[in-house]
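What follows is the residue order along each chain.
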Amino acid sequence: MEHFILYAGIYLVALMALSLYRSVVGPTCLDRLVGMNAIGSKTVVLIIIIGMIFQRVDMFVDIALSYAMLNFIAVLAAGRYLHKKGRRDTAG
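Thresholds, definitions, all that
Residues numbered from 1 in each chain as written. Predicted model: local features only at pLDDT ≥ 70, side-chain atom pairs only at ≥ 80, totals over all residues. Heavy atoms only, no water. Helix = DSSP H or I, 4+ residues; strand = E, 2+ residues; numbered from the N terminus. Buried < 20%, exposed > 50% of the residue type's maximum accessible area, 1.4 Å probe, protein only. Contact = heavy atoms within 4.5 Å. Areas by Shrake-Rupley, 256 points an atom, 1.4 Å probe, with all protein chains shown as cover. Lys, Arg positive; Asp, Glu negative; His and termini not counted. Charge placed at Lys NZ, Arg CZ, Asp CG, Glu CD.

### Notes on the overall build of the chain
A count of helices and strands for the chain gives three helices and zero strands. N-terminal to C-terminal, the α/β element order of the chain is α-α-α. Counting only C-alpha atoms, the chain reaches 50 × 25 × 10 Å along its principal axes. Considering the chain as a whole, with its 92 residues, one finds that 24% of them fall into the buried category. Taking as baseline every contact in the chain between residues at least 6 positions apart, the subset at least 24 positions apart corresponds to 56%. Total accessible area on the chain is roughly 6,600 Å²; 71% of this is exposed by carbon and sulfur atoms. Charged side chains of the chain number 9 positive and 5 negative; the gap between the two group centres comes to 16 Å.

### What to know about the environment of Gly-86
In this structure, Gly-86 sits in the segment after helix H3 (57–85). Here the alpha-carbon distance between Gly-86 and Arg-22, two residues 64 residues apart in the chain, equals 21 Å.

None of the figures reported here should be taken as evidence of function without further support.
As structure tokens, then:
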């Protein structure tokens, strides 16, 4: 079972690399914002997987929930900032 959890974590990191590519290369600011939000969501799951590896899920759930809340607030703040600047659909 431990090998499955380890491989799931490695697979998740590979998916995060794809989201990082979208965040860096994305043609619009909204694509970059969605890519960063996807990285944050996958990081929450990765924190839980790390908790399963260390057999301390109860401790890591608190950390993951805090990170998820921080990610949500950061995406809302960035989206509001970009909306006020008028850069929603610009390519740069």
